[in-house]
Amino acid sequence: MSSAQIFPTSIAGFTPIQIKYSSDSTHILYVRAHTGSKKGKNKDIVFPEGRTLFLVNVPPDATEREITVLFKQSGTVEKVVFDGDEEEVHEIGEDSDEEMEDEEELGEEQDDDEEQPRKKRKMSKDSKPAIPHVIPLPTRNTRTLRRTGRAAHVIFLDASSLSRALSPPSKPKGWPLDTSTAVGLSHYNALYEALRPPLDLVKAHADSWMDLFEYEQAKKKRQSKYKKGEAIVDDDGFTLVTRGGAYGQTLGGGVTVASKKFQESRKTSQRYRKDKKEPKEKETFYAFQVHEKKRKELIDLKRKWEEDKAKVEKLKESRKFRPY
């Protein structure tokens, strides 16, 4: 009995495809037509029904080029999406949106500068600095290693290509190895070198990031409404009350309020102020207080005189001569 007769043509709705790495190494892919949701985790990626092939047990080091060449005989492959790479695509999209917003803001600032008269440009001492660019680190031209048994989606250009890809092959297919990236031990050597770039490039990358951070901080200060010596007045004509430093000194002019820290502890930023002792109320401020004080003193004198008199009598009795 031949191996073609033993190997099944369908397993649980999947078509198994034998992949030969070498004469003694074989890998099996399981494929079927994609069903269910037309969109992936990333809303920008759409899996069209009737043109999308679903793969299971994809090799962990497979590349998009290798999958494309593998199904080249079935038809033109439009896109290959690996399971788990959709989130990375989404993150890249977010970064690109932020960069586009920064470019739009830069364009608006340049337009505002062009509208200003030339005389004001000459008089202004502080010209706006150019936006610093981050010096990137060397890119890693290595394969992406995924978990074993992950899935992928192959989107064909037409529906006929999908039907040809689902037909059971008569013999095992050879794996189209992409020689542009390293495999095996060479992959780990290249990854080791890529993760340890020269120190001068790392320093330039870090310095450029700090320049960009300082530029963003200065940009926020320029756009802030709180400017030194200028009161902030709303549309109704009321001056904005703002909380500032220890003594209520704020960036904006007008009415100010002392800070909470100063109110609670009564401490300045440079020295501490001791709490003043509260003055006591005078006991002889009113006339009745004077009379009450004198009367209390007389009562105390009489009480002490009676106590002293009793002590004297007691001493006399103790010294009395008693012969019998």
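Looking at an unreviewed UniProt entry, the protein carries the name Ribosomal RNA-processing protein 7, with the source organism given as Hermanssonia centrifuga. Annotation of the protein in UniProt includes, under Sequence similarities (unreviewed entry), the sentence "Belongs to the RRP7 family."

Caption draft 1: Looking closely at the overall build of the protein. Across its full length, the protein holds 9 helices and 10 strands. Split into buried and exposed, the 324 residues of the protein put 21% on the buried side. Within the protein, counting contacts between residues at least 6 apart in sequence, those at least 24 apart form 62% of the total. As presented, the protein carries roughly 26100 Å² of accessible surface, and 53% of it is formed by carbon and sulfur atoms.

Caption draft 2: Representation of the nonpolar core in the model. Counting 20 residues, the largest nonpolar core has L53, L55, V58, I67, F71, V154 and F156 as the members making the most contacts within it. For this core, the elements supplying multiple residues, two or more each, are strand 1 (15-22), strand 2 (25-33), strand 3 (52-58), helix 2 (64-70), strand 4 (77-82), strand 5 (150-156) and helix 5 (159-166).

Caption draft 3: Quick peek at the pattern of salt bridges. Under the criterion given, the structure shown has 8 salt bridges. Linking E78 and R51 is a salt bridge whose minimum nitrogen-to-oxygen distance equals 3.1 Å. Linking E78 in strand 4 with R51 in the loop between strand 2 and strand 3, this pair joins segments that are 27 residues apart in sequence. Put simply, D83 and R150 hold a salt bridge, and the shortest N to O gap is 4.0 Å. On the criterion of sequence distance, the pair formed by D83 in the loop between strand 4 and helix 3 (86-115) and R150 in strand 5 is long-range, its members being 67 residues apart. A residue is classified by how much of its surface remains accessible, and D83, at 29% relative accessible area, is partly exposed. Residue classification places R150 among the partly exposed positions, given a relative accessible area of 25%. One network of salt bridges, in which partners are shared, links D300, R303 and E307.

Caption draft 4: Inspection of the packing of aromatic side chains at higher detail. Evaluated as defined, the whole model comprises 5 aromatic pairs. Taking 6.0 Å as the distance between ring centres and 20 degrees as the angle between the ring planes, the aromatic pair formed by Y286 and F288 counts as stacked. We classify Y286 as partly exposed; its relative accessible area is 43%. Exposure remark for F288: the relative accessible area of 53% places this residue in the exposed category.

Caption draft 5: Expanded view of the side chain of T181. Summarising the element assignment, T181 is placed in the loop between strand 6 (173-174) and helix 6 (185-194). Polar side-chain contacts of T181 include one of 3.1 Å to the side chain of R143. Non-local contacts of T181, meaning those with residues more than four positions away in its chain, are made with N141 and R143.

Caption draft 6: Main features of the side chain of Q289. With respect to the secondary-structure elements, Q289 resides in helix 9 (residues 287-319). Looking at Q289, the relative accessible area reads 19%, which means it is buried. A distance of 2.9 Å separates the side chain of Q289 from the backbone nitrogen of F285, its partner in a polar contact. Side-chain polar atoms of Q289 contact the backbone nitrogen of Y286, separated by 3.2 Å. Not counting residues up to four positions away in its chain, the partners in contact with Q289 are K282, E283 and T284.

Criteria and thresholds
- Residues numbered from 1 in each chain as written.
- Predicted model: local features only at pLDDT ≥ 70, side-chain atom pairs only at ≥ 80, totals over all residues.
- Heavy atoms only, no water.
- UniProt positions renumbered as here; feature names shortened; annotations may be inferred.
- Helix = DSSP H or I, 4+ residues; strand = E, 2+ residues; numbered from the N terminus.
- Buried < 20%, exposed > 50% of the residue type's maximum accessible area, 1.4 Å probe, protein only.
- Contact = heavy atoms within 4.5 Å.
- Areas by Shrake-Rupley, 256 points an atom, 1.4 Å probe, with all protein chains shown as cover.
- Core = buried A, V, L, I, M, F, W, Y, C linked by side-chain atoms within 4.5 Å.
- Salt bridge = Lys/Arg side-chain N within 4 Å of Asp/Glu carboxyl O.
- Phe/Tyr/Trp six-rings, centres within 6.5 Å; stacked < 30°, edge-to-face > 60°.
- Polar contact = N/O pair within 3.5 Å; in protein donor to acceptor, adjacent residues only side chain to side chain.

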